[in-house]
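# Structural characterization, general
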Amino acid sequence: MADRRAFLGLAAALAACTKSTKVPSAVEQSMTPYGERAATETIARAVGESTASLGVGSSRTPLQHLHGVITPSSLHFERHHAGVPKIDPAKHTLLVHGLVEQPIEFSMDDLKRLPAATRVHFVECSGNGRGEFMGTAGATAQDSHGLLSCAEWTGVPLKHVLAQAGLKPEAKWVIAEGADACRMARSIPMEKCLDDALVVYAQNGEALRPGQGYPLRLLLPGFEGNTNVKWLDRLHVTEAPAQSNQETAHYTDLMPDGKARQFTFLQDANSVITRPSGGQKVSGGAGFVEISGIAWSGSGKVKRVEVSMDGGKTWDDAVLEEPVLPKALTRFRIPWVWDGKETVIQSRCTDETGYLQPTRDEIVEARGMAFNYHYHGVKAWVVKADGSVTNV
Ligand SMILES: Nc1nc2c(c(=O)[nH]1)N[C@H]1C(S)=C(S)[C@@H](COP(=O)(O)O)O[C@H]1N2
Ligand SMILES: [Mo]
């Protein structure tokens, strides 16, 4: 028996060896200074650009085609209100002024001398899921949830930058401004600035991509995408928020009582099954299928993800892939033996605060239909008997 096993091992090794020494019919490509993906790989962002003004609009991450939790930089979603400015990093500066002891203008080199930190965090536009809520989303997870990405970011904790200038006691807010044509600005509470806020210059190990704010952006873990000001060049320390255009005309939620919810910063607990998901097909009929997806919360770590394969009658705990990081995407997986009949699959996330992702009905009941931002309802997909998966 032992001999037979040894023989099989040897045979396999020989087979592998024969295979690997086979001369390839064509060389895929020669050495290149900067890598490209294989020519047969074609997944892409879905771009929605304003026809009236070039560079204004958004592009969505193809979540259903990704593995793990890191979004490749070339597939990170983008949202620009006034296009991508061309910035020379050698000339770019960050001015810190207002209620500080000493206003300072940092060059990129100055910033890179300060103690740095590298962390994995998602960025999500608070408009993500709006189409899902309104019933206008397309067929795929990219259509319904694609204003969401997750990267490894490196930069300086904002508290170090502010400490260099020295905060005055009245300092309560920081107004962050970008160098794009609209000079996008958001007011950030001092508490967040002194907590886990970062001023980042790197994304997935290399310089930020132009669309992500090259050479410098604000990164506010767990806060709505809009507050993560790109092409950051000014931090104005103040006593009160600026009431900028982005926090009055936009990014406020109208409530059923007619009042507006303003400064709603946190992205709530959310999840979506990415495989199998809308637009995909479970080929080969009944049998084993792994269900996999992503979960996240702006309030911290994902504690639990439950999956239902029977239209919400029963729920089972999915396995959360380690490491589970705060304010980052978490990959979940659960085995499923499909009986080949049409069914509805869905996931729901509970975060470390104990908050459970609500259903669409619960959100409508709490907020009415007028609100525009922060939709995070439970997402369902229909798996048809022929294996095709569609939006509900
Ligand atoms: N200066 C500036 N910062 C900005 C924006 C912008 O248009 N200008 N868009 C905001 C919005 S609405 C979102 S959702 C995020 C998107 O970040 P990303 O493009 O890196 O995905 O950037 C935010 N920061
Ligand atoms: Mo956004």
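Residues numbered from 1 in each chain as written. Chains lettered and ligands numbered in written order. Predicted model: local features only at pLDDT ≥ 70, side-chain atom pairs only at ≥ 80, totals over all residues. Heavy atoms only, no water.

### Details of the site of ligand 1
In the vicinity of ligand 1 there are 20 residues, among which F77, H81, D180, R217 and K230 approach most closely. Separating an oxygen atom of ligand 1 from a backbone N or O atom of H81 is a distance of 2.7 Å. Taking Q212, its side chain carries an N or O atom lying 3.1 Å from an oxygen atom of ligand 1. Across the complex, the protein chains shield 100% of the 540 Å² of accessible surface that ligand 1 would expose by itself. Tallied by class, the residues present in the shell around ligand 1 amount to 6 nonpolar, 9 polar and 5 charged. (Near = heavy atom within 4 Å. Polar contact = N/O pair within 3.5 Å; in protein donor to acceptor, adjacent residues only side chain to side chain. Areas by Shrake-Rupley, 256 points an atom, 1.4 Å probe, with all protein chains shown as cover. Nonpolar A, V, L, I, M, F, W, Y, C, P; charged D, E, K, R; others polar.)

### What to know about the nonpolar core
As a rule of thumb, nonpolar side chains are buried together in soluble globular proteins. L94, V96 and V161 are the most contacted members of the largest nonpolar core, which totals 34 residues. Elements that contribute at least two residues to this core include exactly β4 (93-98), α2 (108-113), α5 (158-165), β8 (173-178), α6 (190-193), β10 (198-203) and β13 (232-238). If you tally residues by element for this core, the top one is α5, at 4 residues. Setting aside residues up to four positions removed in sequence, L94 forms contacts with I104, E105, F106, L111, V161, V199, L216, L232, D233, R234 and L235. The next biggest cluster of nonpolar side chains, apart from the first, holds 33 residues, and it includes C150, V307, L329 and W381. (Core = buried A, V, L, I, M, F, W, Y, C linked by side-chain atoms within 4.5 Å. Buried < 20%, exposed > 50% of the residue type's maximum accessible area, 1.4 Å probe, protein only. Helix = DSSP H or I, 4+ residues; strand = E, 2+ residues; numbered from the N terminus. Contact = heavy atoms within 4.5 Å.)

### Topic: the domain arrangement of the protein chain
Here the domain parsing of the protein chain yields domain 1 (93-261) and domain 2 (270-391). Relative to domain 2, the C-alpha centre of domain 1 lies at a distance of 28 Å. Counting residues at the interface gives 34 residues for domain 1 and 30 residues for domain 2. Across the domain 1/domain 2 interface, buried area totals approximately 2700 Å², and carbon plus sulfur atoms make up 59% of it. Taken as a group, F122, F133 and H145 account for 24% of the area that domain 1 buries against domain 2, more than any other trio of residues on that side. The tally of links between domain 1 and domain 2 comes to 2 salt bridges. Linking K327 and D196 is a salt bridge whose minimum nitrogen-to-oxygen distance equals 2.8 Å. Counting across the interface, domain 1 meets domain 2 through 10 residue pairs in polar contact (both at pLDDT 80 or more). (Domains from an automatic or database assignment. Buried area = accessible area lost by both parts, 1.4 Å probe. Salt bridge = Lys/Arg side-chain N within 4 Å of Asp/Glu carboxyl O.)

### Focus on the sheet that holds strand β22 (residues 343-351)
The strands making up a sheet associate through hydrogen bonds between their backbones, and the pairing can be parallel or antiparallel. Taking strand neighbours across the sheet as the criterion, the 5 strands line up as β19-β18-β22-β23-β24 in an open arrangement whose pairing is antiparallel. Of all strands in the sheet, those with a lone pairing partner are β19 (316-317) and β24 (389-391), marking the two edges. Sheet topology note: the strand β18 (residues 302-308)/β22 ladder contains 6 bridges and is antiparallel. Each bridged residue has a counterpart across the sheet, and for V305 the counterpart in β22 is C349. (Pairing = 2+ DSSP bridges.)

### Considering the pairing of strand β23 (residues 379-383)
Counting buried positions over the 5 residues of β23 gives 5, a clear majority of the element. On β23, burial covers both faces: K379, W381 and V383 on one face and A380 and V382 on the other are all buried. Pairing geometry for β22 and β23, over 5 bridges, is antiparallel. From the neighbouring strand, V344 faces β23, where its bridge partner is V382. Bridge count between β23 and β24: 3 bridges; the pairing is antiparallel.

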